[in-house]
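Topology and contacts: notes
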Amino acid sequence: MHELVEIATVIAVGALKMLVAAGFGAGFGFSFLQNFLFTSIGGCIGVLLFYNLSAWLAGRARLRSMRKRAQAIASGAASAVRVFTKRNRWIIRLKHVSGFVGVAALTPLVLTIPVGSILAARFFHHDRRTIPALLLSVVFQALCVSAVLTGAANQLVGFVP
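Report follows, based on the coordinates. (Residues numbered from 1 in each chain as written. Predicted model: local features only at pLDDT ≥ 70, side-chain atom pairs only at ≥ 80, totals over all residues. Heavy atoms only, no water.)

So, about the nonpolar core. In terms of nonpolar packing, the biggest core is built from 20 residues, with Met18, Val47, Tyr51, Val103, Ala120, Leu134 and Val138 touching the most fellow members. At the level of elements, helix 3 (32-75), helix 4 (86-111), helix 5 (113-124) and helix 6 (130-150) are the ones that each hand at least two residues to this core. Take this core: its biggest share by element is six residues, from helix 4. When sequence neighbours within four positions are dropped, the list of residues in contact with Val138 reads Met18, Ser40, Gly43, Cys44, Val47 and Pro108. Counting five residues, the second largest nonpolar core, distinct from the first, contains Ile7, Val10, Ala21 and Phe38. (Core = buried A, V, L, I, M, F, W, Y, C linked by side-chain atoms within 4.5 Å. Buried < 20%, exposed > 50% of the residue type's maximum accessible area, 1.4 Å probe, protein only. Helix = DSSP H or I, 4+ residues; strand = E, 2+ residues; numbered from the N terminus. Contact = heavy atoms within 4.5 Å.)

The terminal C-alpha atoms of helix 1 (residues 2-14) lie 18 Å apart, and with 13 residues this matches the ideal 18 Å at 1.5 Å per residue to within 8%. Within helix 1, the full set of buried residues consists of Glu6, Ile7, Val10 and Gly14. Around the axis of helix 1, the buried residues are gathered within 100° of arc, so they sit on the same side. Opposite the buried face of helix 1, by more than 90 degrees, sit the exposed residues His2 and Leu4. (Expected span 1.5 Å × (residues − 1). Arc of directions from axis to C-beta.)

Structure, rendered in structure tokens:
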């Protein structure tokens, strides 16, 4: 039963932040293959879940923003809110420069899986290559991170002359 809790922990954390999940897997003593599989499964579940929930989440955020703005106008405290922040500028630059491939490449480790999936769904929902690119990026980066954290990379270095 204890091992099932550890596996569920790695998968659940992998759906949110893959690097932390791989660290948990290595800390729990999983082998390279186990760590890679559980981290990949969690990451892929997270990508699919947040990609499909993004429309609902965006609608909720829009309603919340409109409600807050209406309250501010009603109270007479409507001030100029910075809409185009540095973070928004960086996201738009990323979208224009690298497209869905750049978002997919940065999703597992830099942007986190929920943020990257929501951005990809928001900007590239019309492109059928978006989900496979996100999933491939998660699996590839899970392979690399798991290899480094479990020591499999050190074993491979011994084979190289």
